[in-house]
Amino acid sequence: MGIRRAARRYDHDSVERLSVRPQGEAANINDYRRNAKPYHSISEDLLAKSSGHHPKNSYVSTIKAREQENKLCKYWMSGYCARGDKCWYLHSWYCGDGFTMLAKLEGHKKAVHGIALPLESEKLYSGSSDGTVRTWNCHSGKCVRLSNLGDEVGSMITEGPWVFIGMKGVIKLWNIQTVDELSLKGPVGQVYSMVVANNMLFAGAQNGVIFAWKGSSEASPFQLVASMEAHSDAVLCLTVGEKKLYSGSVDHTIRVWDMDTLQCIKTLNGHEDAVMSLLYCNGCLFSCSLDCTIKVWFATEGENWEVIYTHKEENGVLALCGMNDAETKPVLFCSCNDNTVRLYDLPSFTERGRLYSKHEVRVIQRGPFPLFFTGDGNGSLTVWKWLQKPGGGAP
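Notes on the structure in this doc start here.

The rules we used
Residues numbered from 1 in each chain as written. Predicted model: local features only at pLDDT ≥ 70, side-chain atom pairs only at ≥ 80, totals over all residues. Heavy atoms only, no water. Helix = DSSP H or I, 4+ residues; strand = E, 2+ residues; numbered from the N terminus. Buried < 20%, exposed > 50% of the residue type's maximum accessible area, 1.4 Å probe, protein only. Areas by Shrake-Rupley, 256 points an atom, 1.4 Å probe, with all protein chains shown as cover. Pairing = 2+ DSSP bridges. Axes fitted to C-alpha atoms, helices over the stretch in contact; angles between N-to-C directions. Salt bridge = Lys/Arg side-chain N within 4 Å of Asp/Glu carboxyl O. Phe/Tyr/Trp six-rings, centres within 6.5 Å; stacked < 30°, edge-to-face > 60°. Polar contact = N/O pair within 3.5 Å; in protein donor to acceptor, adjacent residues only side chain to side chain. Contact = heavy atoms within 4.5 Å.

Re the overall build of the protein
Along its length, the protein carries 3 helices and 29 strands. Scored against the burial criterion, the 395 residues of the protein give a buried share of 56%. Approximately 16,800 Å² of the protein is accessible, and the part contributed by carbon and sulfur atoms is 47%.

Things to note about the sheet that holds strand E21 (residues 293-300)
Within the open sheet, the 4 strands sit side by side as E19-E20-E21-E22. Their pairing is antiparallel. Looking at the sheet topology across the chains shown, the edges are occupied by strand E19 (275-281) and strand E22 (304-312). Direction aside, the axes of adjacent strands within the sheet are offset by 25° on average. Alignment of E21 against E22, held across 8 bridges, turns out to be antiparallel. Residue Thr-300 lies in a different strand from E22, and its bridge partner there is Asn-304.

Thoughts on the sheet that holds strand E18 (residues 264-268)
Taken in spatial order, the 4 strands of this open sheet run E15-E16-E17-E18, and their pairing is antiparallel. The strands lining the two open edges of the sheet, one partner per strand, are strand E15 (235-241) and E18. Taking the axes of each pair of neighbouring strands and ignoring which way they run, one obtains an average angle of 20° across the sheet. Bridging between strand E16 (residues 244-249) and strand E17 (residues 254-258) involves 5 bridges; their strand directions are antiparallel. Its bridge partner lying in E17, Gly-248 is registered against Ile-254.

What to know about unusual backbone geometry
The step from Leu-346 to Pro-347 runs through a cis peptide bond, and the omega angle for that step is 5°. Here Pro-347 shows up in the loop between strand E25 (340-345) and strand E26 (350-356). For Asn-199, which is not a glycine, the phi torsion comes out positive at approximately 60°. Structurally, Asn-199 is set in the loop between strand E11 (191-197) and strand E12 (200-205). Taking the relative accessible area as the measure of exposure, Asn-199 reaches 28% and is therefore partly exposed.

Focus on the pattern of salt bridges
According to the stated counting rule, one finds 8 salt bridges in the structure shown. For Arg-145, the salt bridge identified is with Glu-181, shortest N-O distance 3.6 Å. Pair noted here: Arg-145 is in strand E6 (residues 143-148) and Glu-181 is in strand E10 (residues 181-185), with a separation of 36 residues, a long-range link. Of the charged contacts in the structure, one is a salt bridge between Glu-313 and Arg-342, with a shortest N-O distance of 3.6 Å. Of the two residues, Glu-313 sits in the loop between E22 and strand E23 (317-324) while Arg-342 sits in strand E25, which places them 29 residues apart along the sequence. The class of Glu-313 is buried, set by a relative accessible area of 9%. Classification of Arg-342 as buried rests on a relative accessible area of 7%.

Details of the environment of Leu-224
Note on placement: Leu-224 falls in strand E14 (residues 222-229). Taking the C-alpha atoms as reference, Leu-224 lies 9.2 Å from Leu-201; in sequence the two are 23 residues apart.

Some points on the pairing of E26
For E26, a buried count of 7 out of 7 residues is recorded, marking the element as mostly surrounded by other parts of the structure. Of the strand pairs in this sheet, strand E1 (residues 94-96) and E26 are connected by 3 bridges, and their pairing is antiparallel. By the bridge assignment, Cys-95 is partnered in E26 with Arg-354. Two strands pair when backbone bridges link them, and E25 and E26 are joined in this way by 6 bridges, in the antiparallel orientation. Within E26, the position partnered with Thr-340 by the bridge is Tyr-356. Hairpin connection between E25 and E26: a loop of 4 residues separates the two successive antiparallel strands, and Phe-349 in this loop has a positive phi of roughly 60°.

So, the packing of aromatic side chains
If you walk through the whole model with that rule in mind, you get 15 aromatic pairs. Here the aromatic rings of Trp-162 and Phe-222 are separated by 5.4 Å at their centres, their planes lie at 80°, and the arrangement is edge-to-face. Of this pair, Trp-162 sits in strand E8 (residues 162-167) while Phe-222 sits in strand E14, and the two are 60 residues apart along the sequence. The pair Trp-162 / Phe-222 is uniform in exposure class, with both members buried.

Points about the environment of Glu-120
Within the secondary structure, Glu-120 is located in the loop between strand E3 (112-116) and strand E4 (123-128). Spatially, the C-alpha atom of Glu-120 lies 9.2 Å from that of Pro-368, the residues being 248 residues apart in sequence.

Describing the side chain of Thr-253
Mapped onto the fold, Thr-253 is located in the loop between E16 and E17. Its relative accessible area of 9% is what places Thr-253 among the buried residues. A polar atom in the side chain of Thr-253 sits 2.7 Å from the side chain of Asp-251. Apart from residues lying up to four places away in sequence, Thr-253 is in contact with His-231, Ser-247, Gly-248, Thr-267, Leu-268, Asn-269 and Val-275.

Focus: the side chain of Ser-380
Position of Ser-380 among the secondary structure elements: in the loop between strand E28 (371-376) and strand E29 (381-386). Here Glu-106 takes part through its side chain, which lies 2.8 Å from a polar atom of the side chain of Ser-380. Leave out the neighbours within four places in its chain, and Ser-380 touches Leu-105, Glu-106, Val-112, Thr-374 and Gly-375.

With respect to the pairing of E3
The side chains of a regular strand alternate between both faces of the sheet. Judged by how many residues are buried, E3 sits mostly within the fold: 4 of 5 residues are covered. If you look at the hairpin formed by E3 and E4, you'll find 6 residues sitting between the two strands, and Glu-120 has a positive phi there, around 60°.

Put into structure tokens, the structure is as follows:
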């Protein structure tokens, strides 16, 4: 049984219409200027439940208030702010235009490390370090199944009818069509990242090894074909693009792998701390790190990768995700250690909004348009939706 390629809408690693020019061409690095400015801003059934989550108009009358309007009110976040609409701080889980929050799905007791919405499924899956996978009804927002796996979930992805759950020393597979359940053993330590490409499942493990399984026969759907060794510490993130696999690690490096030979062909040095997330798009590789930077890499002739732009944040960067808004404009989501997710228009890196959370957001996941999801360190799963402008058509 081969691993079927999922629809493009589920591919973390592609953002349509993003154009980045290699260094030396006109307006290249200038395209990545930052001009930060604040904005206000699983299904229609959930929209009715979100009435209490829309932003309130903040009363801004002083310089101090203007400086604080983009910060979340800790009293409101706890349940009550005596100043109400006159509070200097933000009373909303987001600010910005073009999107809204539909619902918060509560139930996990610890951090959410994976969110998966399989193709043509009406069930949403979330995995947590509390050792459970919750299955949510996309229409009601109710948890319809609680699966206690007995150990922490380190990662989760979906491809075709399969849900892959990365755990310590094992990957569990659920087929939502046949209800088959399989286990792939081999990884040493926690499985922090997974990706499917070229009819193979790749998994990055705690011991620094990337394990590869190939889709095979009905009797034995997945066969271990390689243990790819190059990193000296845990592999935290994986992405694919143009017949290459890219891996980021606690060892501060990014490795480039040939998808045919499964050999490491390049090591990218540039980050000064753990590489937390990778995103490949139209010839460019985006990487983020606990060193508080997002780097944009471009390969010139001969696989000579160069950093063509570095974007700096005030806090460590935990996760990246790319998607298009309702007008098909590319947007980069960037989760930071200050419990916020920054939204940047590309290629300008102009800030267009923020998402807020009580704890750091560990995972950002695209769903079928117009939905996307975030999961935080406290176990909350939030459902978001892109909004059409009045009179706008489908993207």
